[in-house]
Amino acid sequence: MIYIIEDDLDFAKCIKRYCRDENSKIFSNAIEAMGQIDKDFPNLIFLDILLTGPDGFTFLNELASYSDTSKIPVVVISSLNLKGKDLSDYGVVGVLNKDTLTPKEVENYVKRYSH
Amino acid sequence: MESEVNGILVAAHELKAPLSILRQLAFSLDFADQKETSNIRTEMISVSERAIRQVNDLTKIAHLEDGLFEMEPVSVRAVCDDVIKELTYLFRFNNRDLKVKYSNNSRLVVANRNLLFSVIYNFCLNAVHYSTEETMSRLEISDHYDKVRVKIRDFGPALPMDVWREMKRGWIKCPTSIAMRPGSSGLGLYIATKFSRYMNAEVGAIRHRDGTSFFVDLPISNQARLF
């Protein structure tokens, strides 16, 4: 299961398409996603940072605070300049820039982490 | 000067967002079957139309001082109907619902039709963004003393106190993403307050614990009244 946490539905649907046949779910905010995590544990999370309600960093903190969710690989997708920021303590395995993102980049993460 | 630069940055960011989405939608065409291709095409049109409208609004702001926008009696219900018609796709696409209630007796207000359309359009866009699948936005027109009030209620995060104070004063100095609710630059609100001031209308916001109502109070036109 792949979680796509993004409040822009247009953008989220594009990411979902790039995940092709993988089972994926879109959440428009972090609270909804956190509420679902016990029912459908994700193998990979694509996370936007500037979300409505609690932001992506709050969500990352929440994930890091539980032993099981701290191991979920997270790919941050944002238009913020996060180059050079080390987010590996939060389980972040990659950062994609919204302005330059290509489907191939998403596919690579899906291939690597979704199973 | 600093606030001017901030304003330009916010506007640039707001205009960049639809371009990023259009780029992704273009990539998405490679992943879509025939039916989905048609949906993506509709999305591309919708995203570009919203961006074009935003650019047009920004251009209008630059021309407000020239007084190019004529004030005339305008049917506020007809303007709201047009806004709803234009945004129906967006509400449906986002699985959002908009409840409409018209209870005003005074049908005509003094306004510029295009500017009024933009004010209500921006408020409604805001409501789409801050609603959830469970919560329904509400658009209401009602008589309010000697004005007609158009109010749009959403169920997003409460408006920050300082922005609310600025709204109470009747205008927003400059759009800034830091002061606004998460995920919003406040550009739409800035446009709405600018246009409302031009039309001698008053904009305001009501803070609720579970969201915000934005309203514009428009002067009633007595032109078509018999009594």
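Reference entry: report on the structure contained in this document. (Residues numbered from 1 in each chain as written. Chains lettered and ligands numbered in written order. Predicted model: local features only at pLDDT ≥ 70, side-chain atom pairs only at ≥ 80, totals over all residues. Heavy atoms only, no water.)

1. Here we look at the packing of aromatic side chains
Ring pairs (aromatic) are described by centroid distance and by the angle formed between their planes.
All names here are of chain B.
At step 1: This model, assessed by the stated rule, comprises seven aromatic pairs over all chains.
At step 2: Taken together, a centroid distance of 5.5 Å and an interplanar angle of 15° make the contact between Phe-123 and Phe-214 stacked. Taken together, the residues Phe-123 in helix H4 (residues 113-130) and Phe-214 in strand E7 (residues 211-219) connect sequence positions 91 residues apart. Taken individually, Phe-123 and Phe-214 each receive the classification buried, so the pair is uniform in this respect.
At step 3: We note Arg-53 situated over the ring of Tyr-121; from NZ or CZ to the ring centre the distance is 5.0 Å.
At step 4: Sitting over the face of the ring of Phe-155, Arg-153 holds its NZ or CZ atom 4.1 Å from the ring centroid. (Phe/Tyr/Trp six-rings, centres within 6.5 Å; stacked < 30°, edge-to-face > 60°. Helix = DSSP H or I, 4+ residues; strand = E, 2+ residues; numbered from the N terminus. Buried < 20%, exposed > 50% of the residue type's maximum accessible area, 1.4 Å probe, protein only. Lys NZ or Arg CZ within 6 Å of the ring centre and 35° of its normal.)

2. Structural notes on the pattern of salt bridges
At step 1: Taken as a whole and judged by the stated rule, the model has 16 salt bridges over all chains.
At step 2: Between Lys16(B) and Asp99(A) there is a salt bridge, with the nearest N and O atoms lying 2.8 Å from each other. Within this pair, whereas Lys16(B) is found in helix H1 (residues 2-28), its partner Asp99(A) is found in the loop between strand E5 (92-97) and helix H4 (103-113), the two belonging to separate chains.
At step 3: Given a relative accessible area of 24%, Asp99(A) falls into the partly exposed group.
At step 4: Its salt-bridge partner being Glu202(B), residue Lys147(B) comes within 3.3 Å of it at the nearest N-O pair. Note that Lys147(B) is positioned in strand E5 (residues 147-154) and Glu202(B) in strand E6 (residues 202-208), a separation of 55 residues in sequence.
At step 5: For Glu202(B), a relative accessible area of 44% corresponds to the partly exposed category.
At step 6: Connected through shared salt-bridge partners, Glu6(A), Asp48(A) and Lys98(A) make up one network. (Salt bridge = Lys/Arg side-chain N within 4 Å of Asp/Glu carboxyl O.)

3. Examining the nonpolar core
At step 1: In terms of nonpolar packing, the biggest core is built from 47 residues, with Leu116(B), Ile120(B), Phe123(B), Val150(B) and Leu218(B) touching the most fellow members.
At step 2: With ten residues, H4(B) is the single largest residue contributor to this core.
At step 3: Setting aside chain neighbours within four positions, we find Ile120(B) in contact with Val79(B), Cys80(B), Val83(B), Leu139(B), Val150(B) and Ile152(B).
At step 4: In terms of nonpolar packing, the next biggest core, distinct from the first, is built from 23 residues, Cys14(A), Tyr18(A), Leu96(A) and Tyr109(A) among them. (Core = buried A, V, L, I, M, F, W, Y, C linked by side-chain atoms within 4.5 Å. Contact = heavy atoms within 4.5 Å.)

4. Here's the deal with the sheet that holds E6(B)
All names here are of chain B.
At step 1: The five strands are arranged E2-E4-E5-E7-E6 in an open sheet whose pairing can be described as mixed. The outermost strands of the open sheet, each flanked by one partner alone, are strand E2 (98-102) and E6. When the angles between neighbouring strand axes are averaged without regard to direction, this sheet yields 20°.
At step 2: Relative to E7, E6 runs antiparallel, the two sharing seven bridges. (Pairing = 2+ DSSP bridges. Axes fitted to C-alpha atoms, helices over the stretch in contact; angles between N-to-C directions.)

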